[in-house]
Amino acid sequence: MKKNLCLKKAGIVVFVILTISILSVCSVEASSKKVKNKVSIYIGNTITLKVKNAKKIKWKSTKKSVATVSQKGKVKGKKVGQCIIVAKVGKKTYKCKVTVKTRKSDIANMILNRGKRKVDEENREYYYLERNEYYQASISYNFHTTLAYYPDVDMIKICFSGYGDDLLYLFIEDERAKYCDVIFIDTTSIIYGSGHLYKNKLKGDNAVYFGVTNIKDKESKQILEMFTTLTSKLALIQFSKVLKTNGLNLNHENLGFHL
């Protein structure tokens, strides 16, 4: 998500590029003629402020506990509140009011605030929590669950492995939506199936419908969809255990899934 905001004062244009990814910042001129002097960001996200044709800029935040700013103009939201980011160019001063908000999702907030930060192969920032769980019987099973939160797209990704090399990915972009994207894949990047997991059908045997799959046989595809439904249920159970491990009284139902 990107928003371009433009501040005009004394013939100098201040470009405000709103970007949720810390590592992905670009400079695009705002097309709107309306002058804006405030922006909103979420906790943990950043905006980059730039003053056109200005080489030496001194930046400061009026409330560092709410938002900090680097000498390159990169502002990061720290906690809920408001502050003023000041850019001083020579004898001239430019101000931008920054409002820092919290995510609506308690789960997203928990992952963002308590998780570890990483950058994926596409240079996208995310925060993650993980849990390993072992079952020892005649056969030993290793259930590995990773919860990842991508601030740039406001998406929660559940990665679950429990069957050797097989991996299940659930992508939740809207907790209120009737379905989420699901991918069943192996570690050699062979996609068994890609499609949707319908939340209101999880109590049955087949809540997964693959639009893309390497399996052409209809009956085999249905079996794979049923197997992925079962795996999704296990993934969501593990998801709830990760939340419990981190001391949060939330579970898969807070994402709209009812088993």
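Caption draft 1: Structural detail: the sheet that holds strand β3 (residues 38–42). Ordered by their spatial adjacency, four strands build an open sheet running β3-β9-β8-β5, and the pairing between neighbours is mixed. Edge positions in the open sheet fall to β3 and β5 (58–61), since each of these has one partner strand only. If you compare each strand with its neighbour and ignore which way they point, the axes differ by 25° on average. With five bridges joining them, β3 and strand β9 (residues 92–101) adopt parallel strand pairing. In the strand pairing of β9, V39 is matched with V98.

Caption draft 2: Expanded view of unusual backbone geometry. For N123, which is not glycine, the phi dihedral falls at a positive 65°. Within the element layout of this structure, N123 appears in the loop between β10 (116–119) and β11 (125–136). Relative accessible area serves as the criterion here: at 41%, N123 is assigned to the partly exposed category.

Caption draft 3: Focus on the pattern of salt bridges. Applying the stated criterion to the full structure yields four salt bridges. Of the charged contacts in the structure, one is a salt bridge between D120 and R124, with a shortest N-O distance of 3.1 Å. A salt bridge links R176 to D174; the shortest N-O distance between them is 3.4 Å. Using a relative accessible area of 75% as the deciding quantity, one classes R176 as exposed. Given the relative accessible area of 33%, D174 is considered partly exposed. Salt bridges sharing common partners tie together D120, E122 and R124.

Caption draft 4: Structural view of a positive patch on the surface. On the surface, K58, K60, K88 and K95 cluster together into a patch of positive charge. Counting through the fold element by element, K58 comes out in strand β5.

Caption draft 5: Summary view of the pairing of strand β16 (residues 191–198). Two elements, strand β15 (residues 179–186) and β16, share seven bridges in a ladder whose sense is antiparallel. Looking at the pairing, Y179 lines up with Y198 of β16. Between β15 and β16, which follow one another and run antiparallel, lie four residues, and S189 among them has a positive phi close to 70°. Bridging between β16 and strand β17 (residues 208–213) involves five bridges; their strand directions are antiparallel. The partner of S194 across the bridge, within β17, is V212.

Caption draft 6: Broad picture of the confidence of the model for the protein. On average, residues of the protein score 79 in pLDDT, and 81% of them are at 70 or above. Averaged pLDDT values over the elements of the protein bottom out at 33 in strand β2 (residues 12–19) and peak at 94 in β16. Per-residue pLDDT stays below 50 along residues 1–35; that stretch engages in 95 contacts with residues further than four places along the chain or on separate chains.

Reading the values: rules and limits
Residues numbered from 1 in each chain as written. Predicted model: local features only at pLDDT ≥ 70, side-chain atom pairs only at ≥ 80, totals over all residues. Heavy atoms only, no water. Pairing = 2+ DSSP bridges. Helix = DSSP H or I, 4+ residues; strand = E, 2+ residues; numbered from the N terminus. Axes fitted to C-alpha atoms, helices over the stretch in contact; angles between N-to-C directions. Buried < 20%, exposed > 50% of the residue type's maximum accessible area, 1.4 Å probe, protein only. Salt bridge = Lys/Arg side-chain N within 4 Å of Asp/Glu carboxyl O. Patch = residues over 30% accessible without salt bridge, like charges linked within 9 Å, V, L, I, M, F, W, Y side chains within 5 Å. Areas by Shrake-Rupley, 256 points an atom, 1.4 Å probe, with all protein chains shown as cover. Lys, Arg positive; Asp, Glu negative; His and termini not counted. Charge placed at Lys NZ, Arg CZ, Asp CG, Glu CD. pLDDT = per-residue confidence, 0-100. Contact = heavy atoms within 4.5 Å.

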